[in-house]
Amino acid sequence: MNPVELAPNQLHRFYRGGEAIARFRGIPSTDDYAPEDWIGSTATMFGPDGAGLSALPDGRLLRDAIAADPVAYLGPAHVAQYGTDPALLVKLLDAGERLPVHFHPDQAFARSRLGLAHGKTEAWLIVETRGERPTVWLGFREDVDLDVLAGWVDRQERASMLDALNELTVGPGDCFFVPAGLPHAIGEGVLLLELQEPSDLSVLLEWTGFDVDGRRDGHLGLGFDVALQSARRTAVRGDELTELRRQTAAAPESRPGARTLLSSAASSFFRAERLRPAPAVSLEPAFSILIALDGDGKLETEGGAATLSRGESLLVPHAAGAGELTGSVDVIRCLPPAPSGNREP
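Reference entry: report on the structure contained in this document. (Residues numbered from 1 in each chain as written. Predicted model: local features only at pLDDT ≥ 70, side-chain atom pairs only at ≥ 80, totals over all residues. Heavy atoms only, no water.)

### So, the sheet that holds strand 15 (residues 258-260)
In step 1: Strand order in the open sheet made by the seven strands is 1-21-18-23-16-15-14, with antiparallel pairing throughout. Each edge of the sheet is formed by a strand with only one pairing partner; in this case those strands are strand 1 (4-5) and strand 14 (253-255). (Pairing = 2+ DSSP bridges. Helix = DSSP H or I, 4+ residues; strand = E, 2+ residues; numbered from the N terminus.)

### So, the sheet that holds strand 13 (residues 245-247)
In step 1: With antiparallel pairing, the seven strands of this open sheet are ordered in space as 2-3-4-11-6-9-13. This sheet does not close on itself; its edge strands, each paired only once, are strand 2 (10-11) and strand 13.
In step 2: Note: strand 6 (residues 122-129) against strand 9 (residues 174-178), four bridges, orientation antiparallel. Within strand 9, the residue paired with tryptophan 124 across the bridge is phenylalanine 176.

### Some thoughts on the packing of aromatic side chains
In step 1: Following the criterion strictly, the structure yields seven aromatic pairs and no others.
In step 2: Where tryptophan 124 meets phenylalanine 176, the ring centres are 5.9 Å apart and the plane angle is 55 degrees; that geometry is what we call tilted. In this pair, tryptophan 124 sits in strand 6 while phenylalanine 176 sits in strand 9, placing the two residues 52 residues apart along the sequence. Phenylalanine 176 matches tryptophan 124 in its accessibility class, with the two residues each being buried.
In step 3: Through a chain of ring-to-ring contacts, the aromatic side chains of Phe14, Tyr15 and Phe210 assemble into a single cluster.
In step 4: The aromatic ring of tryptophan 137 is capped on one face by arginine 98, whose charged end is 6.0 Å from the ring centroid. (Phe/Tyr/Trp six-rings, centres within 6.5 Å; stacked < 30°, edge-to-face > 60°. Buried < 20%, exposed > 50% of the residue type's maximum accessible area, 1.4 Å probe, protein only. Lys NZ or Arg CZ within 6 Å of the ring centre and 35° of its normal.)

Below, the structure is given as structure tokens:
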């Protein structure tokens, strides 16, 4: 099987953004509310619409192609543990305005309350920033009582919620691991590449000023009394906060031209490498998604070859075999959890 290029898959959402994705991808910007590009997606948006699935160049949905030949796409070890589920969703996200404060439930909560296989632990790789002080907010600075949090949500006390979070200035190359349950927000002017569990589960803590009815749609249909129980309300600070944030330039080199971007805590959910051929970097057989941040390169595998330039993405099936990336390209390689990894109980 050959590596295949994946077309942009921008989705309409309730918050502004998308122009930076269009510019990065080299396509026209046609929707001011298309802030997410779901790359290699076999998942759909939460709710009745079901948008989000990626198509292959021949028109087939990637989800259907994997279901028809899972071992070729995902590899025998992955299929033995996860079946036809790639266990990964990759996105580009462009915050055209500050996102509301929100969080995502974990796998155990999603299974028990919603009957779903995945929660939404995620990681952010900052690609570009705009403005004088690009910012993210991540985790509460001090412990927050459940009744206090519920009161902030009910009264929509936006300033109280933001002030309670760790505020962090960010730039290209920053990398964040965001475990499920951790309240967060992303500031205007941040373009990031996101790896996550393949779900679209969000609990909104804030919605005033956004084109969404949080009292109706902000709690996954569970009511806030139930949904807020899955939020992490204990403080995130010190060494823990430091561990959640890394610089890709300082990431350890796993082999010539490849750096491991995420901590071991993330590896049971997804993995990411930064590839900079010098002059070449080897790739073992694996289902993966490659996104070029800059430059031009060529991927040659046992199954075939493909070129890769800034803004382009490639899906590499396991059956493509071992490969070698060459050229001046700067690539993020996104992978599902290793088959031997243990998921949250």
